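Examination of the molecular architecture
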Amino acid sequence: MMTVGVYAPAASASSSGAPAPLLTWSACEGKISAELQCATLTVPVDWSKPGGKTITLTVGRAPATGAAAGTVLFSPGGPGGAGVQALSRALPHFAGLRTRMDVVTWNPRGGVSGEHIPLESCAAGPVVATPDSRREYDQALKANAAGIALCRDAVPELFANLDSATQARDMDAIRAALGEEKISFFGNSYGGVLGASYARLFPQRLRAMAVDSVPDHVDPLAKSERLQYKGLEAGFQRFVRWCAGSSDCVLRGTGVEKTWQAVVRRAERRPLPGAAAAGERRYDGDDLKFLAYGLVDSTAEWPALAKAIAGAAKGDASGFDPQGRGMPPRVTAMLAVNCADGFRYDGYHAYRAAVRRSVKASPNFSGMRENAWLACSPWAAKAANPPAPLPARKLPPLLGVGPVYEYPSVRAITDQVPGSVTVKYDGIGHGRYLNAGDPCVIGHVDRYLIDGKVPAPGTTCPAWPA
């Protein structure tokens, strides 16, 4: 690869205290935009053992198109999303930000880029289940342990060091290698957990932090789940209201919510068949909630969701899985990040208590979050990076962006820091900046990351085509 430049660090040091290495920028390999430059950075697998095993991170940079006034470090979320590929795909969305800022990203440890883990060993994750008894719980734990073992055993030391606090130390090593005393951060989706983790460890090194559609990683799990369910219900009620007034909804004129709940109860009693291409797989009520959530998330999918509910009411669940893929796989190493970050239950009684809370909080999606975090119970040690408050007085005002169903979770983070503002997107759609390219959201985020000024409290962005 032809070298295009060297970014020499100033007096900055990495989180280990050692002098920061140089980043040598070259053309990126693979199907990456020619506007991006790439470099590599070696970091410890275990930051408490700086002289031990190491891994190499791929770092990508979209240089400022004008006079650079600083750097924005960007995470697409996931966890485990490949930042270099994500930035390459979404470069047009960053055009305004790049007039003044370099945008830097990286492919995180254990992520879907496959640079640090054997994806073939980590693609078949744990089962999706919401056990109703101790016997079913024990069966789920046994199946989950088997689904996780192949990936964990392939890279045991790395697997034990995937929490977001460890990844925040990787972020600080990138900052130091860039020669920046302070850095701005933009986190999409689970990237907000990385941002919160960095803010707790290195508040003095954050110039600004913007988060879009992020989960709550500052409150105890019980509270954050309640906020998530509050958001899920808000999104579903948007769908219900649309259905009542749209000729594109086959359920128009019926009790949509009652029909949906009846479908879930029916599937719980006798799981429903899906698309033929999914084979013998049948869907119970928890499966349908999981699949329906993916359709609620996009207004473009609402007509399909209505048809899927109508079909399931007649005993055919194939509309929830039109491609016949069956339940989507869960990459085990990505789940390991969730578990290490405290999205988990410590035993059967804690799990059942969470399920009981969800029934009260969410009549339409209860149990959906619990089946995701249940997989951590059989194998994960005590959470290395549990949710915790931010050091509010040491941080600059934050900027959040949240669609109606994620707005409460985003507010949980931004409300920690005085002077922060969360822009409410008055519609449905995850990741308004990165995924949707929403011009209203992009304008607010760019102005904040460039100038450090938040918009007025109560600022909203109107619904915009996803």
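The written sequence of each chain sets the order in which its residues are numbered from 1. Selection of residues for local features in this predicted model requires a pLDDT of at least 70, selection of side-chain atom pairs for listing and counting requires 80 or more, and totals for whole chains, interfaces and linings are taken over all residues. Processing note: side-chain calculations cover all non-hydrogen atoms of the structure and skip hydrogens and water entirely.

On average, residues of the protein chain carry a pLDDT of 88, and 89% of them reach 70 or more. Counting contacts from residues 1-12, a segment whose pLDDT is below 50, to residues more than four positions away or on other chains yields 43 contacts. Think of pLDDT as the predictor's per-residue confidence, scored from 0 to 100. In what follows, residue pairs with any heavy atoms lying within 4.5 Å of each other are defined as contacts.

It is worth spelling out the pattern of salt bridges at this point. By definition here, a salt bridge exists when the distance from a side-chain nitrogen of Lys or Arg to a carboxyl oxygen of Asp or Glu is within 4 Å. Under the criterion given, the structure shown has 13 salt bridges. Glutamate 225 is paired through a salt bridge with arginine 357; the nearest N and O atoms lie 3.8 Å apart. With glutamate 225 in helix α7 (residues 221-245) and arginine 357 in helix α12 (residues 348-361), this residue pair connects regions lying 132 residues apart in the sequence. Note that aspartate 426 and arginine 238 form a salt bridge whose closest N and O atoms lie 2.6 Å from each other. On the criterion of sequence distance, the pair formed by aspartate 426 in strand β12 (residues 421-426) and arginine 238 in helix α7 is long-range, its members being 188 residues apart. One continuous salt-bridge network, built from bridges that share partners, spans Asp172, Arg175 and Arg205. Per the convention used, a helix needs a DSSP run of H or I reaching at least four residues, while a strand needs a run of E reaching at least two, with both numbered from the N terminus.

Once that is clear, we can look at the packing of helix α3 (residues 134-154) against helix α11 (residues 332-340). Lines fitted to C-alpha atoms define the axes, with helix axes restricted to the stretch in contact, and inter-axis angles between N-to-C directions lie between 0 and 180 degrees. Contact pair α3 / α11: the axes reach a minimum separation of 9 Å and the direction vectors enclose 100°. Relative to α11, the element α3 is oriented roughly perpendicular. For the pair formed by α3 and α11, the contact residues are Gly147, Ile148 and Cys151 on the first element and Thr332, Ala333 and Leu335 on the second. For this scheme, ten residues count as nonpolar: Ala, Val, Leu, Ile, Met, Phe, Trp, Tyr, Cys and Pro. Four count as charged, namely Asp, Glu, Lys and Arg, and the remainder, Gly too, count as polar. Considering only residue class, the contact of α3 with α11 consists of 4 nonpolar, 2 polar and no charged. Between 65 and 115 degrees an angle is taken as roughly perpendicular, under 35 as roughly parallel, over 145 as roughly antiparallel, and anywhere else as oblique.

Right, let's get into unusual backbone geometry. A cis geometry characterises the amide bond from glycine 78 onward to proline 79, with omega recorded as 0°. With respect to the helices and strands, the residue proline 79 is situated in the loop between β5 (71-75) and α1 (83-89). Even without a glycine there, the phi angle at serine 189 is positive, about 55°. Along the polypeptide, serine 189 turns up in the loop between β7 (183-188) and α6 (191-201).

Once that is clear, we can look at the environment of glycine 443. Relative to the helices and strands, glycine 443 resides in helix α15 (residues 439-451). Taking the C-alpha atoms as reference points, glycine 443 and tyrosine 433, 10 residues apart in sequence, are found 9.3 Å from one another.

Along the chain, arginine 352 falls in helix α12. Accessibility here uses a 1.4 Å probe with only protein chains present; expressed as a share of the type maximum, an area under 20% marks a residue as buried, one over 50% as exposed, and anything in between as partly exposed. Charge counting treats Lys and Arg as positive and Asp and Glu as negative, with His and both chain ends excluded. This buried residue, arginine 352, is left without a salt bridge; aspartate 132 holds the nearest opposite charge, at 4.0 Å. Residues in contact with arginine 352, not counting those within four places in the same chain, are Pro131 and Asp132.

Assignment of secondary structure puts tryptophan 260 in helix α8 (residues 256-269). On the accessibility criterion, tryptophan 260 (1% relative accessible area) is buried. Note: C-alpha distance between tryptophan 260 and alanine 310 (50 residues apart in sequence) is 8.6 Å. Aside from chain neighbours lying at most four places away, what touches tryptophan 260 is Phe236, Leu288, Lys289, Ala292, Ile309, Phe320 and Asn364.

What follows covers the state of the cysteines. Any two cysteine sulfur atoms within 2.5 Å of one another count as a disulfide. In the structure shown here, the tally under the stated rule is 4 disulfides. The partner cysteine of cysteine 28 in its disulfide is cysteine 38, sulfur to sulfur 2.0 Å. Judged by the sign of its S-S torsion, about 95°, the bond between cysteine 28 and cysteine 38 is right-handed. One end of the pair, cysteine 28, is in the loop between β2 (23-27) and β3 (37-44); the other, cysteine 38, is in strand β3, and 10 residues separate them in sequence. A single burial state applies to cysteine 28 and to cysteine 38, both of which are buried. Paired through a disulfide, cysteine 243 and cysteine 249 show a sulfur-sulfur distance of 1.6 Å.

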